[in-house]
Amino acid sequence: MYLHYYKDRERYRRDRENWGRGEYEADFVYISKLGYLHEIEVKISIADFRNDQKKRHFHDHPEVRGFSYCMPFKLYQAHLDEIKSVCEEKGAGLILVQDDGTIKTVIKAIPRLHVPKLPLQSLIFYLKIAAKKWVKNY
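Residues numbered from 1 in each chain as written. Predicted model: local features only at pLDDT ≥ 70, side-chain atom pairs only at ≥ 80, totals over all residues. Heavy atoms only, no water.

Participant: Please give an account of the overall build of the protein that cites residues and values.
Facilitator: If you tally the helices and strands in the protein, you get 5 helices and 7 strands. Of the regular secondary structure in the protein, the N- to C-terminal order runs β-α-β-β-β-α-β-α-α-β-β-α. In the protein, buried positions account for 40% of the 138 residues. Looking at the protein alone, contacts between residues at least 24 apart form 58% of all its contacts between residues at least 6 apart. For the protein, the exposed area adds up to about 8900 Å²; of that, 56% sits on carbon and sulfur atoms. (Helix = DSSP H or I, 4+ residues; strand = E, 2+ residues; numbered from the N terminus. Buried < 20%, exposed > 50% of the residue type's maximum accessible area, 1.4 Å probe, protein only. Contact = heavy atoms within 4.5 Å. Areas by Shrake-Rupley, 256 points an atom, 1.4 Å probe, with all protein chains shown as cover.)

Participant: Hey, could you go over the environment of Pro 119 for me, with residue numbers and the actual values?
Facilitator: Assignment of secondary structure puts Pro 119 in the loop between strand 7 (103-107) and helix 5 (120-134). The partly exposed category is assigned to Pro 119, whose relative accessible area is 45%.

Participant: A description of the packing of aromatic side chains should follow, citing residues and the corresponding values.
Facilitator: Throughout the structure, instances matching the rule amount to 3 aromatic pairs. Where Phe 67 meets Tyr 69, the ring centres are 4.9 Å apart and the plane angle is 80°; that geometry is what we call edge-to-face. Its relative accessible area of 0% is what places Tyr 69 among the buried residues. On the numbers, 5.5 Å between centres and 80° between planes, the contact of Phe 125 with Tyr 126 is edge-to-face. (Phe/Tyr/Trp six-rings, centres within 6.5 Å; stacked < 30°, edge-to-face > 60°.)

Participant: Could you give an account of the packing of helix 2 (residues 46-53) against helix 4 (residues 80-90), naming the residues involved and the relevant values?
Facilitator: Orientation of helix 2 relative to helix 4, taken along the N-to-C sense of each, is 25°, at an axis distance of 12 Å. Between helix 2 and helix 4, the angle falls in the class roughly parallel. Helix 2 and helix 4 meet at a crossing whose hand is left-handed. Listed contacts from helix 4 to Ile 46, Phe 49, Arg 50 and Gln 53 of helix 2 are Glu 82, Ile 83, Val 86 and Lys 90. (Axes fitted to C-alpha atoms, helices over the stretch in contact; angles between N-to-C directions. Parallel < 35°, antiparallel > 145°, perpendicular 65-115°, else oblique. Left-handed = near helix turned anticlockwise from the far one by under 90°.)

Participant: I'd love a proper account of the environment of Lys 104, names of residues and values included.
Facilitator: Here Lys 104 is to be found in strand 7. A relative accessible area of 53% places Lys 104 in the exposed class. Placed 31 residues apart in sequence, Lys 104 and Phe 73 show a C-alpha to C-alpha distance of 9.3 Å. Not counting residues up to four positions away in its chain, the partners in contact with Lys 104 are Leu 94, Ile 95 and Leu 96.

Participant: Which residues make up the sheet that holds strand 5 (residues 64-72), and what values do they have?
Facilitator: Adjacent strands of a sheet pair through backbone hydrogen bonds, lying either parallel or antiparallel. Taken together, 5 strands build an open sheet; the order of strands is 3-4-5-6-7 and the sheet is mixed. Of all strands in the sheet, those with a lone pairing partner are strand 3 (28-31) and strand 7, marking the two edges. Strand-to-strand twist in this sheet, taken as the mean axis angle between neighbours without regard to direction, amounts to 25°. Where strand 5 lies against strand 6 (residues 93-97), 5 bridges are found, and the strand directions are parallel. Paired with Cys 70 across the strands is Ile 95, a residue of strand 6. Taken strand by strand, helix 2 contacts strand 4 (37-42) and strand 5, and its axis lies near 155° from that of strand 5. In this fold helix 4 packs onto strand 5, strand 6 and strand 7, with an angle of close to 145° to the strand it touches most, strand 6. (Pairing = 2+ DSSP bridges.)

Interpretation note: all reported values are geometric properties and have no functional meaning in isolation.
And the structure:
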């Protein structure tokens, strides 16, 4: 999900200043019951997973409290040591998907304690983006 800032110049300016870029990209985000933003990055191959480690920024948007990978169980099984090591080093969680569609969290993400709850303005911003993703004519 790309967060487009064309209607929110102040947010764009703040994110460029604090994070170095103006666009935040994630495969999936959710807001917890307590009001924290969490990111899930979907990986379908080991090459995709390895390329993610080469990024300049490791999923470090200032509003993201927790980060997890989600991948097929077979991918994890084939590269267990490497994937587990990266998750532990980065504090990332790990969610596995079985062939039958069963989903299981095997490593919980370590919360970034310096990240506060989303303020109301940010909560509304993310909710608008999510709603726009599902509505074609906005």
